[in-house]
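Analysis of the macromolecular model
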Amino acid sequence: MSEILGRVVATERKPNTPHEFHFWTALDSPVGIGTIVRVDGRRPVEGQIPHIYGIVTEGFSYTDLLTPMHDVLGHDGAPGSAGFASAERSEIRLYSAAVLRQIPEEPLQPVPMGDVFLAQEEDVNIALRMDGYLRDGGHTGIPIGVYRAGGTDATIFLDADFLVGPEAAHLNITGVSGLATKTSAVEWILASLFTHFPESRGSIAAVCFNVKGPDLCFLDLPGKLDDGDRALYDKMGVPARPFQNVQYYAPYSARGFSLNTLRSNETLAHNVTPLTWGLREVLQYAEVLLNRDDIDAKADALIDFITRSVIDQTFTDPMLARPHVVQSFADLEDWFRDVLRGLENGNKESWRTHHVATIRKVRNRLSNISVRCAGLVTDSGPVSDLPFGEFEDRATYVVDVANLEEDAQDLIFARIVSKLREHLERRDLGVKHVVVFVDELNKYAPGDGPDTYVRKMLLDIAERGRYLGLVLFSAQQFRSQVHRRVVGNSGTSVFGRMDADELSAPGYAVLSPATRTKLATLEKGQLMIRHPHFTQPIFVRFPRPAVMAGRLGAEQYPQGGEVSLEAAVYRALRARDSSITLQAVEDAIGLHDEGDVLRALAVTLKERPADVLGTFRARLPKRITQSVQQRPQVAALRGAPNDDPYGA
Amino acid sequence: MSIDVLRAIQSLLPDVEIVQSDAPADESYSGAYNEAPRIAAAQCIEGQRLRAHRITGEPEVRFAGFLDGIQRARIACHRNGIPIVDGTVAAVVRVRVNRRFVTWGHRTPIVSRRLYMPLTLLKCEGQTETGGFEIVDTSHDAATGELVSRHPAALRAVAFERVGRDRDEAERKLAELWCADGSEPLFIDGGISGSGRVAAASCAVGVVKSHQTLFADGDALDVVMSLKRGERSSVFALSARQRSPVISWYLRLRDPRGHDAMFGLVRIEVSPTEDVAERANEVSRWVLGEVTPLSLPDGRWDRMAYGIRDCEQFLRAIA
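Residues numbered from 1 in each chain as written. Chains lettered and ligands numbered in written order. Predicted model: local features only at pLDDT ≥ 70, side-chain atom pairs only at ≥ 80, totals over all residues. Heavy atoms only, no water.

This paragraph deals with the overall build of chain A. A count of helices and strands for chain A gives 21 helices and 22 strands. In terms of overall dimensions, chain A is more spread out than a globule: its C-alpha atoms have a radius of gyration of 33 Å, far above the 26 Å expected for 648 residues. Its C-alpha atoms put chain A at 125 × 65 × 55 Å along the principal axes. Looking at chain A as a whole, 52% of its 648 residues are labelled buried. Intrachain contacts of chain A at a sequence separation of at least 6 include 74% that bridge at least 24 residues. Across chain A, the 70 positively charged side chains and the 84 negatively charged ones have centroids separated by 3 Å. (Helix = DSSP H or I, 4+ residues; strand = E, 2+ residues; numbered from the N terminus. Rg over C-alpha atoms; globule rule 2.2 N^0.38 Å. Buried < 20%, exposed > 50% of the residue type's maximum accessible area, 1.4 Å probe, protein only. Contact = heavy atoms within 4.5 Å. Lys, Arg positive; Asp, Glu negative; His and termini not counted. Charge placed at Lys NZ, Arg CZ, Asp CG, Glu CD.)

See the structure below:
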């Protein structure tokens with residue numbers, strides 16, 4: 001048994017309750033805010049000595065001075081002479097602790113007087129009710145960090161059933177920017193989750209949206225760790241290595257043949273895949289791109305009609321000049337033109353109950369999408385998408401939307417999450433659980449502001465995702481400004497260094513002033529955790545993620561510049577076949593125009609053929625050999641007289 | 001009041017009347033406070049007559065330990081006006097370790113709780129214990145051996161005085177233990193002449209805060225009353241019946257301007273020695289070294305060393 005650390009005290013003014021108690025310690029005790037302690041009662045209750053586990057939430061220190069003036073008088077107003085006093089005043093370290101657990105749990109009584117001990121590792125397991133999910137044969141613990149106090153070094157586990165579902169789910173991270181909290185924490189937690197997620201609970205993958213800078217662009221490259229970090233990895237049984245299976249997805253730039261991502265360095269291109277969608281993919285989520293004014297009932301009906309009756313089928317109508325097979329935005333534009341021409345020619349105001357004004361409005365909005373989301377939405381090209389249906393266990397799919405316009409970001413988020421949901425509902429995604437990581441919730445799910453499609457999606461995941469295995473890991477700087485239902489549905493909450501203004505929000509009133517102060521001054525690598533099994537927040541240390549930091553990666557692997565069409569095709573094809581040369585690609589492209597080349601490239605990449613270059617060549621349209629037309633000889637005009645003053 | 005005490009008394013005297021008064025226990029009822037103020041002559045042994053001496057040199061922190069005791073006495077119950085007093089005495093030596101006080105050598109402080117009652121008047125002669133509490137018979141005057149008056153106030157006074165004597169005894173025991181153990185200076189709250197072994201020990205320094213008896217008369221009293229901060233009186237010898245001889249002097253710890261004449265005035269007792277002036281200066285420097293921290297909010301802060309206050313606080317917490 002460890003040494004007695006302190007003694008429980010209670011006065012009429014400061015009584016103990018079933019939820020809080022007070023104790024004093026020696027001046028040099030290793031107790032601080034967040035320390036877990038155990039109280040051993042002195043009298044048995046129903047034949048059992050009560051053990052109470054608590055976490056220190058507040059600390060007080062004072063001396064026997066009645067007023068500071070007495071100290072001034074005692075030193076004749078000279079602070080320097082205080083050091084020569086014969087003795088130091090009697091001083092106390094008094095702590096308040098919140099009860100984590102009482103054993104026996106019934107009857108629930110005020111904390112009795114007793115001796116206080118520093119919690120050992122087994123005490124921590126009991127105090128945080130981790131003993132319920134760390135038992136042999138039913139271990140569902142996911143290490144989140146190490147609790148340290150005095151000589152105690154205890155791994156803190158989250159319950160996988162309450163992190164990923166189905167009991168509870170979701171994780172929310174709050175912290176100020178730039179202090180290695182949000183991104184680092186989520187990278188560490190994902191690494192731990194992938195290592196320790198129990199086989200019995202099925203497979204798991206992660207889809208991470210990189211919404212700013214190079215944060216998540218180098219998850220597959222090793223980062224810098226020190227001995228302390230490695231010791232933490234060892235302690236928690238997580239390999240200190242980067243993610244083993246990472247796939248990156250990024251749309252093209254507006255020009256359409258270089259990827260719009262900070263991970264565009266040629267040496268890292270092997271696992272970067274373009275993200276391009278066509279008409280069908282976009283039209284399903286047109287609502288995302290159209291604002292509330294756009295989507296009245298009439299417009300919605302027309303879009304629905306187009307999706308149901310026009311897209312991907314031969315559409316005929318007596319009013320139209322010809323049958324239409326609409327498969328791209330270009331086809332759709334042709335169809336709209338034909339419809340409007342027919343209306344004008346027939347001097348009609350409506351067609352199939354759709355008013356001409358509605359048709360024009362929807363045409364304008366939809367046609368505009370390929371411009372607003374250039375690079376993501378192809379005007380007529382094929383689709384390149386995440387491998388829905390073929391997700392791999394413990395794989396990470398990073399979708400880089402950092403450099404995209406807001407509309408494109410919204411569209412990507414809405415479609416990918418919807419697709420994940422659809423596949424999980426059908427149980428054909430390839431994995432049983434998917435963690436979706438979204439940073440900047442302040443932007444995507446604010447507490448106030450318009451009710452956007454993205455916010456609705458996030459709410460939907462937060463409220464119903466756990467039943468499907470769709471888990472939201474989210475992060476933001478100001479938790480108080482995120483929609484209450486999104487953060488409220490997060491079973492697990494992680495807090496890094498917090499801004500003092502944020503901590504003054506009413507949501508943090510449940511924390512003691514000392515805990516709030518500690519949160520405002522947390523050092524890097526420390527987190528405060530709230531989890532359904534923990535009745536009070538716990539402070540832990542976590543190691544630096546074993547992946548290359550975004551900023552460092554951006555320096556070591558500078559972004560590839562805008563390249564020529566030939567070079568872009570060469571890079572893309574060489575990722576599939578390293579024997580391909582730039583010259584061979586240039587020869588194949590020849591004088592084909594840009595659109596044809598990109599279409600051929602996209603088809604080739606999608607088909608994944610054995611003969612990459614041959615397939616690419618075959619997908620390029622056949623061109624007629626150009627012949628140089630000789631200008632016919634024309635007889636020269638008669639020359640001007642030599643004395644003509646206006647002559648040349 | 002402790003229910004255990006009441007049960008103990010009622011097991012012996014079932015018909016007593018319980019006193020439920022909220023009046024505080026008398027903690028200061030000891031001999032010195034009960035004496036009438038008086039002036040006594042003392043034999044000056046540093047020069048021909050008492051005069052003021054400036055203490056030379058800087059104050060020194062030399063005391064290794066501080067000894068003090070407390071007492072609590074209250075009338076728990078009475079039978080026909082005969083008081084039964086519940087008395088607690090405690091004493092402790094607190095030593096200074098890294099400028100903080102801890103109990104000396106991890107020795108258990110002396111704490112005892114007894115019942116003080118006139119057994120003769122209560123017709124319980126020979127009773128020495130009840131319910132685990134020791135009984136102290138207060139039927140007779142300790143000095144004269146005569147039966148105490150039946151007057152309740154007289155009975156109470158005798159009982160309280162016995163409590164005070166028990167406290168003195170507890171302090172004396174600890175002081176003798178200290179003096180037998182080591183030679184580090186011990187700051188004792190009060191005089192040291194009550195014990196021959198302590199009075200003869202060079203390590204024991206008694207510091208008397210109360211001045212019911214002033215050992216200076218005539219011009220000597222004027223000298224004592226007009227001592228300035230950091231000044232002491234000449235050394236004088238004290239010897240009395242049933243007391244061991246010691247040497248003593250007055251020392252002013254704080255500037256008395258704006259206060260009464262006793263402000264910051266203590267009387268120091270040490271064992272007799274040859275070079276009394278040197279010894280007086282040396283010990284005075286030690287006592288002056290204890291003027292900070294202040295013992296506020298105690299009302300006797302001007303004369304009380306912080307180590308003594310610590311002893312009292314400690315004893316009040318445990319007794």
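Anyway, onward from the coordinates.
Residue and element names in this part refer to chain A. Within the fold, Phe 391 resides in the loop between α10 (356–372) and β17 (396–400). On the basis of relative accessibility, which here comes to 3%, the residue Phe 391 falls in the buried class. As a C-alpha pair, Phe 391 and Ala 206 span 185 residues in sequence and 9.4 Å in three-dimensional space. With sequence-adjacent residues up to four places away left out, Phe 391 is seen in contact with Ala 205, Val 207, Leu 386, Tyr 397, Leu 420, Leu 429, Gly 430, Val 431 and Val 434.

All names here are of chain A. Running from amino to carboxyl end, helix α11 (residues 406–426) crosses helix α13 (residues 453–468) at an angle of 20°, the nearest separation of the two axes being 11 Å. In terms of axis orientation, α11 runs roughly parallel to α13. As α11 packs across α13, the resulting crossing turns out to be left-handed. For the pair α11 and α13, contact is made by Asp 410, Phe 413, Ala 414, Val 417, Ser 418, Arg 421, Leu 424 and Glu 425 and by Tyr 453, Val 454, Met 457, Leu 458, Asp 460, Ile 461 and Leu 468, respectively. Here the contact of α11 with α13 is built from residues that sort into 10 nonpolar, one polar and four charged. (Axes fitted to C-alpha atoms, helices over the stretch in contact; angles between N-to-C directions. Parallel < 35°, antiparallel > 145°, perpendicular 65-115°, else oblique. Left-handed = near helix turned anticlockwise from the far one by under 90°. Nonpolar A, V, L, I, M, F, W, Y, C, P; charged D, E, K, R; others polar.)

This part takes up the domain arrangement of chain B. Interfaces are frequently sized by the accessible area removed from exposure as the parts join. Residue and element names in this part refer to chain B. Taken domain by domain, chain B consists of domain 1 (1–34 + 70–171) and domain 2 (37–63 + 185–319). The distance between the C-alpha centroids of domain 1 and domain 2 comes to 29 Å. In this assembly, 18 residues from domain 1 lie in contact with 18 residues from domain 2. Both faces considered, domain 1 and domain 2 share a buried interface measuring about 1500 Å² in area, 61% of it formed by carbon and sulfur atoms. Contact with domain 2 buries area across many residues of domain 1, yet Ile 70, Arg 94 and Arg 96 alone supply 34% of it, more than any other trio. Inspection of the region where domain 1 meets domain 2 yields two salt bridges. Linking Glu 290 and Arg 96 is a salt bridge whose minimum nitrogen-to-oxygen distance equals 2.7 Å. Here domain 1 and domain 2 share four residue pairs in polar contact (both at pLDDT 80 or more) between them. Residue assignment for the side of domain 1 that touches domain 2 shows that the elements contributing at least two residues are α2 (31–34), β5 (65–79), β6 (82–97), β7 (100–103) and α4 (152–181). Examining the composition of the side of domain 1 that touches domain 2, we find that seven residues originate from one element, β6, more than from any other. Tallied by class, the residues present in the side of domain 1 that touches domain 2 amount to 10 nonpolar, two polar and six charged. (Domains from an automatic or database assignment. Buried area = accessible area lost by both parts, 1.4 Å probe. Salt bridge = Lys/Arg side-chain N within 4 Å of Asp/Glu carboxyl O. Polar contact = N/O pair within 3.5 Å; in protein donor to acceptor, adjacent residues only side chain to side chain.)

The subject of this paragraph is the domain arrangement of chain A. Per the domain assignment, the segments making up chain A are domain 1 (4–70 + 89–127), domain 2 (153–272 + 391–454 + 461–553), domain 3 (280–372) and domain 4 (563–619). Using C-alpha coordinates to define each centre, domain 3 of chain A is positioned 34 Å away from domain 4 of chain A.

What follows concerns helix α1 (residues 3–12) of chain B. Residue and element names in this part refer to chain B. Looking only at α1, the buried set comprises Val 5, Leu 6, Ala 8, Ile 9 and Leu 12. The buried residues of α1 occupy an angular sector of 160° when projected down its axis, which confines them to one face. α1 presents Arg 7 and Ser 11 as exposed residues on the side facing more than 90 degrees away from its buried surface. In this fold, the buried residues of α1 make contact with β1 (17–18), β5, β6, β8 (110–117), β9 (129–130) and β10 (133–137). (Arc of directions from axis to C-beta.)

This brings us to the nonpolar core. Residue and element names in this part refer to chain A. Ranked by size, the top nonpolar core spans 89 residues in total, and within it Ile 36, Ile 156, Leu 193, Phe 473, Leu 573 and Phe 616 carry the most contacts. Top contributing element to this core by residue count: helix α4 (residues 182–196), with eight residues. The residues contacting Ile 156, other than those within four sequence positions of it, are Val 124, Leu 128, Met 130, Ile 142, Pro 143, Ile 144, Gly 145, Tyr 147, Phe 534, Ile 538 and Val 540. With 79 residues, the next largest nonpolar core counts Leu 283, Val 310, Phe 413 and Val 438 among its residues. (Core = buried A, V, L, I, M, F, W, Y, C linked by side-chain atoms within 4.5 Å.)

Evaluated as defined, the whole model comprises 25 aromatic pairs over all chains. On the numbers, 6.0 Å between centres and 35° between planes, the contact of Phe 21 of chain A with Phe 23 of chain A is tilted. The exposure classification of Phe 21 of chain A matches that of Phe 23 of chain A, with both residues buried. Pairing Trp 188 of chain A with Tyr 233 of chain A gives two aromatic rings, centres 5.5 Å apart and planes at 85°, and the pair type is edge-to-face. You can see Trp 188 of chain A sitting in helix α4 and its partner Tyr 233 of chain A sitting in helix α5 (residues 227–236), a full 45 residues away along the chain. A network of ring pairs unites the aromatic residues Phe 63, Phe 66, Phe 101, Phe 187, Trp 286 and Tyr 306 of chain B as a single cluster. Taking NZ or CZ as reference, Lys 518 of chain A lies 4.4 Å from the ring centre of Phe 539 of chain A, over its face. (Phe/Tyr/Trp six-rings, centres within 6.5 Å; stacked < 30°, edge-to-face > 60°. Lys NZ or Arg CZ within 6 Å of the ring centre and 35° of its normal.)

Take the pattern of salt bridges next. Residues and elements named next belong to chain B. Inspection of every chain in the model, using the stated rule, returns 63 salt bridges over all chains. Two residues, Arg 167 and Glu 171, come together in a salt bridge whose shortest N-O distance is 2.9 Å. Highlighted residues: Arg 167 and Glu 171, both in helix α4, separated by four residues, approximately one helical turn. Residue classification places Arg 167 among the buried residues on the basis of a relative accessible area of 14%. With a closest N to O distance of 2.8 Å, Glu 176 and Arg 172 form a salt bridge. Linking Glu 176 with Arg 172, this pair stays in helix α4, spanning four residues, or about one helical turn. According to the relative accessible area criterion, Glu 176 is buried, its value standing at 14%. Classification of Arg 172 as partly exposed rests on a relative accessible area of 26%.

Residue and element names in this part refer to chain A. Here strand β20 (residues 492–495) shows two buried faces, one formed by Thr 492 and Val 494 and the other by Ser 493 and Phe 495. Across four bridges, the pairing between strand β9 (residues 171–174) and β20 is parallel. Bridged to Asn 172 within β20 is Ser 493. Where β20 meets strand β21 (residues 526–530), three bridges bridge the pair, whose relative direction is antiparallel. Looking at β21, one finds that Phe 495 is bridged to Met 528. (Pairing = 2+ DSSP bridges.)

So, on to the interface of chain A and chain B. The interface is formed by 18 residues belonging to chain A together with 16 residues belonging to chain B. Approximately 1600 Å² of surface area, both sides summed, lies buried where chain A meets chain B, with 46% of it carried by carbon and sulfur atoms. Linking chain A with chain B are four salt bridges. In this structure, the connection of chain A to chain B is made through 11 residue pairs in polar contact (both at pLDDT 80 or more). Among the elements that take part in the side of chain A that touches chain B, helix α1 (residues 68–74) of chain A stands out by supplying three residues, more than any other. Here the side of chain A that touches chain B is composed, by residue class, of seven nonpolar, six polar and five charged.

This part covers the environment of Ala 200 of chain B. Residue and element names in this part refer to chain B. For Ala 200, the position within the fold is in helix α5 (residues 196–200). In this structure Ala 200 comes out as exposed when scored by relative accessible area, which is 58%. Sequence separation of Ala 200 and Thr 273 is 73 residues, and the distance between their C-alpha atoms is 9.5 Å.

Another point: the sheet that holds strand β3 (residues 36–41) of chain A. All names here are of chain A. Strand order in the closed barrel made by the six strands is β1-β2-β5-β4-β3-β6, with antiparallel pairing throughout. Strand-to-strand twist across the sheet, computed as the mean angle between neighbouring axes with direction ignored, equals 40°. Bridging between strand β4 (residues 51–63) and strand β5 (residues 91–103) involves 12 bridges; their strand directions are antiparallel. Paired with Tyr 62 across the bridge in β5 is Ile 92.

Our focus in this paragraph is the confidence of the model for chain B. The predicted model of chain B has a mean per-residue pLDDT of 90, with 95% of residues at 70 or higher. Counted against residues more than four places away or in other chains, residues 28–33 of chain B, with its pLDDT under 50, gives 13 contacts. (pLDDT = per-residue confidence, 0-100.)

The next subject is the state of the cysteines. Residue and element names in this part refer to chain A. Overall, the coordinates contain zero disulfides over all chains when judged by the stated rule. Unpaired in this structure, Cys 217 has its nearest cysteine sulfur neighbour in Cys 208, at a distance of 11 Å. Of the residues examined, Cys 217 reaches a relative accessible area of 0% and is grouped as buried. (Disulfide = S-S within 2.5 Å.)

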